[in-house]
Amino acid sequence: MPSFEPVLMKGIGEADLRDISVYRQRGGYRQLERAFKELTPAQMLDIAKASGLRGRGGAGFPTGTKWGFLPGSDAPRYLVCNCDEAEPGTFKDRMLLEETPHLVLEGILIGAYAIGCRHAFIYIRGEFKRGYEIMRAAVEQARAAGFVGRNLFGTGYDLEFTIHRGAGAYICGEETALLNSLEGKRGEPRLKPPFPATQGLYNMPTVVNNVETLAYLVPILERGAEWFASVGSEKSKGFKVVSVSGHVRKPGNYEVAMGTPVREIIDLAGGAREGRKIVAVQPGGGSSACIFEEHLDWGYDYESMQKAGSMLGSGAIVVFDDTTDFVAAAHSLVRFFAHESCGQCTPCREGGHWLELTLERLVHDRGVPGDVEILEKASHQMTGLNLCPLGDSIEPFLVSVVKRFPEQFEERVLRFDGAKRG
Ligand SMILES: Cc1cc2nc3c(=O)[nH]c(=O)nc-3n(C[C@H](O)[C@H](O)[C@H](O)COP(=O)(O)O)c2cc1C
Ligand code: SF4
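Going along each chain's sequence as written, the residues are numbered from 1 onward. Throughout, the order in which chains and ligands are written sets their labels, letters from A for the former and numbers from 1 for the latter. Residue-level local features of this predicted model are given only where pLDDT is at least 70; pairs of side-chain atoms are given and counted only at 80 or more, and the full residue set underlies all totals for whole chains, interfaces and linings. Excluded from the side-chain calculation are hydrogens and water; included are all heavy atoms of the structure.

The next thing to look at is the packing of aromatic side chains. Pairing of aromatic side chains here covers Phe, Tyr and the six-membered ring of Trp, requires ring centres within 6.5 Å, and sorts the geometry by plane angle: under 30 degrees stacked, over 60 edge-to-face, intermediate tilted. Tallying each qualifying case throughout the model produces 21 aromatic pairs. Arranged with centres 5.7 Å apart and planes meeting at 35 degrees, the rings of Phe320 and Phe397 form a pair that is tilted. Here the residue Phe320 occupies a position in strand β10 (residues 316-321), and Phe397 occupies one in helix α17 (residues 394-404), the gap between them amounting to 77 residues. A ring is scored as having a charge over it whenever the NZ atom of a lysine or the CZ atom of an arginine sits within 6 Å of its centre and within 35 degrees of its normal. Sitting over the face of the ring of Tyr157, Arg118 holds its NZ or CZ atom 3.8 Å from the ring centroid. Elements are defined by DSSP. Helices are runs of H or I of four residues or more, strands are runs of E of two residues or more, and each kind is numbered from the N terminus.

Another aspect to go through is the site of ligand 2. Neighbouring ligand 2 are 13 residues, the closest being Cys342, Gln344, Cys345, Cys348 and Cys388. Placement of ligand 2 is best described as lying within the largest cavity. Residue classes follow a fixed rule: Ala, Val, Leu, Ile, Met, Phe, Trp, Tyr, Cys and Pro count as nonpolar, while Asp, Glu, Lys and Arg count as charged, and any other residue, Gly among them, counts as polar. Grouping the constituent residues of the shell around ligand 2 by class yields eight nonpolar, five polar and no charged. Nearness is judged by heavy atoms alone; a residue qualifies as near a molecule or strand once a single heavy atom is within 4 Å of it. In this analysis a 1.4 Å probe is tested at points of a 1 Å grid over the protein atoms alone, and where it fits but cannot get out there is a cavity; an open set with protein on both sides within 12 Å along at least five of seven lines is a pocket; lining residues have an atom within 4 Å of a point. Cavity and pocket membership follows a simple rule, namely that a molecule belongs there if more than half of its atoms are within 2 Å of the grid points.

So, on to the nonpolar core. Each nonpolar core is a collection of buried residues, namely Ala, Val, Leu, Ile, Met, Phe, Trp, Tyr and Cys, held together in the definition by side-chain atoms within 4.5 Å. Relative accessibility under 20% of the residue-type maximum defines a buried residue, over 50% an exposed one, and the middle range a partly exposed one, all with a 1.4 Å probe and only protein chains included. One finds Ile122, Met135 and Phe161 to be the most contacted residues of the largest nonpolar core, which totals 68 residues. For this core, the leading source of residues is helix α6 (residues 101-115), giving ten residues. When residues of this core are assigned to domains, at least three fall in each of domain 1 (20-229) and domain 2 (239-321). Ala177, Cys290, Leu333 and Ala378 belong to the second-largest nonpolar core, a separate cluster that totals 36 residues. Domain segmentation is taken from an automatic or database assignment of domains.

Residues in close proximity to ligand 1 total 17 residues, the closest being Gly57, Lys66, Glu85, Asn210 and Thr213. Residue Glu85 places a main-chain N or O atom 2.9 Å away from an oxygen atom belonging to ligand 1. Under the rule applied, a polar contact is a pair of N or O atoms within 3.5 Å (in protein, one hydrogen donor and one hydrogen acceptor; residues adjacent in sequence only if both atoms are side-chain atoms). A distance of 3.4 Å separates an oxygen atom of ligand 1 from a polar backbone atom of Val208. Across the complex, the protein chains shield 89% of the 600 Å² of accessible surface that ligand 1 would expose by itself. At a threshold of 2 Å from the grid points, most atoms of ligand 1 map onto the largest pocket. Ranked by residue count, the leading element in the shell around ligand 1 is strand β5 (residues 206-210), at three residues. The accessible surface values rely on the Shrake-Rupley method and a 1.4 Å probe; as for residues, cover is taken only from the protein chains in view.

Before going further, it helps to spend a moment on the sheet that holds strand β8 (residues 278-282). Strands qualify as paired when DSSP identifies two bridges or more between them. Within the open sheet, the five strands sit side by side as β7-β6-β10-β8-β9. Their pairing is mixed. Strands at the two margins of the open sheet, each flanked by one partner only, are β7 (252-257) and β9 (291-292). Across six bridges, the pairing between strand β6 (residues 239-246) and β7 is antiparallel. In the sheet register, Phe239 faces β7, and the bridge partner there is Ala257. Contacts are assigned to residue pairs that have any heavy atoms within 4.5 Å of one another. Note on geometry: axes are C-alpha line fits, over the in-contact stretch for helices, and angles between N-to-C directions span 0 to 180 degrees. Against the sheet, helix α5 (residues 92-99) makes contact with β6 and β7, and its axis sits at roughly 115 degrees relative to β6, the strand it touches most.

Relative to each other, α17 and helix α18 (residues 406-414) sit at 85 degrees, their axes nearing to 5 Å. Between α17 and α18, the angle falls in the class roughly perpendicular. Contact residues: α17 offers Val401, Val402, Lys403 and Arg404, while α18 offers Pro406, Glu407 and Phe409. Partitioned by chemical class, the residues of the contact of α17 with α18 number four nonpolar, no polar and three charged. The scheme is simple: roughly parallel for angles under 35 degrees, roughly antiparallel for over 145, roughly perpendicular for 65 to 115, oblique for anything else.

Now for the sheet that holds strand β2 (residues 119-124). The five strands lie next to each other as β3-β4-β2-β1-β5, forming an open sheet whose pairing is mixed. Two strands in the sheet have a free side with no partner beyond their single neighbour: β3 (149-152) and β5. Neighbouring strand axes in the sheet, compared pairwise and without regard to direction, differ in orientation by 25 degrees on average. As defined by bridge partners, β3 adjoins strand β4 (residues 157-165) across two bridges and the pair is classed as antiparallel. Bridged to Leu152 within β4 is Tyr157. Here α5 sits on the sheet and contacts β1 (78-83), β2 and β5; the angle it forms with β1, its principal contact strand, is near 110 degrees.

For the rest of this paragraph, the subject is the domain arrangement of the chain. One can read the domain layout of the chain as domain 1 (20-229), domain 2 (239-321) and domain 3 (326-421). If you average the C-alpha positions of domain 2 and of domain 3, the two centres end up 23 Å apart. Contacts between domain 2 and domain 3 engage twelve residues on the former and eleven residues on the latter. When the two sides are added together, the surface that domain 2 and domain 3 hide from each other amounts to roughly 850 Å², 66% of it contributed by carbon and sulfur. Buried area is a sum: the accessible area each of two parts loses on coming together, probed at 1.4 Å, counted once for each and added. Of all residues in domain 2, Gly286, Ser287 and Phe292 give up the largest surface area on contact with domain 3, accounting jointly for 44% of the area buried on that side. The working definition used for a salt bridge is a side-chain nitrogen of Lys or Arg within 4 Å of a carboxyl oxygen of Asp or Glu. At the boundary of domain 2 and domain 3, one finds two salt bridges. Of the charged contacts in the structure, one is a salt bridge between Arg404 and Glu294, with a shortest N-O distance of 2.9 Å. Counting every contact that joins domain 2 to domain 3 gives two residue pairs in polar contact (both at pLDDT 80 or more).

Grid points are joined across faces, edges and corners, and a volume is the space filled by probe spheres set on the points. By volume, the largest pocket amounts to about 1400 Å³. Lining the largest pocket are 48 residues, with Gly57, Gly58, Ala59, Gly60 and Pro389 sitting closest to its centre. Elements supplying a minimum of two residues to the lining of the largest pocket: α5, β5 and α13 (302-307). Tallying contributions element by element places β5 first for the lining of the largest pocket, with five residues. Of all the elements in the fold, those that place two or more residues in the lining of the second largest pocket are α2 (30-38), α6 and α10 (217-223). When grouped by side-chain class, the residues that make up the lining of the second largest pocket number nine nonpolar, four polar and six charged.

This is the structure:
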């Protein structure tokens, strides 16, 4: 069990936190009131920076620094909470949305105040119908209580809030595709620069932050930036909600201190199945390279996962044991990325499809000589040449498992070649 009290997950499963009166009894919305009545946006920015909070949506960019990129003009600016969550293996934002919507909303409203935003948005993945309904109800409750709308806490500050439900495209999680989609355009990534901080939603300065990132603002205000910064490793501060799935006994979300060894997190999820051995782990969702047995005692933080050849990403640990067919796993993941390509960039559009076809041959034992080399070469050639990181998402997992388990891939070529099979 974790050696500390859960932070964001506190109270989940014990009380109905969707009910604003329950949430308020437990101290909910007090930090929002404090922010409005006692703190200036500049102080909020200092708190975010001092806490060391980094974005929990995938890239791990320091939150305070991102807010600091906004120009100092009086132009309208927007905060958009990214709840598109479609990275394979990631399901933490959905849980936060469905189980503790007021915490998410309070975090968004605090973030909005911190950047001087008068209209905040949440973009919810199309498939999250339940979460969407729950958030709608939460916003109505919060509006009735005076936390959304006009003249908040008698300060004269007006803050509107819009909930937008996506149409079910993974690419709309990428922040500029999300902004296009929010504007009613095709959900395609924009060329950067300009970055959203200067030209984002409706061409205005915009911050896009993940659900978990914004939710952590509430405990950070409550317990102080120093408290948050005192937990974790040197450059990865605080806590992380980790989605653990795959070959474990108790898949689910587990909140841990940054730097907790990967093995301990897997143990929280019940560890390996009876009689089985873990042979590979994706530490950062579908886009991440596998780490292996020799890395399981490494700390789960941004730097260690990078050093191990992978990334922490959105915080999804996918566990593979010794029963895994890595050709089938690679096929399934590549098919996903190929399907989700928006098609703007040739390497991503054509390369993904090409790799999918190659893996399809291998999965059906119909691989031809050269196929395994194609997997490595083509996925590498796709990388770094695209508008957005989706096109770079195929190589890490694919190459990591081809390199680690080459026999599984080679075997599927040999099976086709009757002469070699003997
Ligand atoms: C293909 C793709 C999908 C993404 N999906 C999500 C997502 O579902 N949720 C999310 O918060 N960030 C996602 N991101 C990252 C966002 O572009 C952005 O970096 C993030 O929302 C910023 O918030 P943060 O700084 O709080 O992490 C995705 C990025 C890419 C390239
Ligand atoms: S990399 Fe792929 S998903 Fe991203 S913009 Fe290019 S084609 Fe679209």
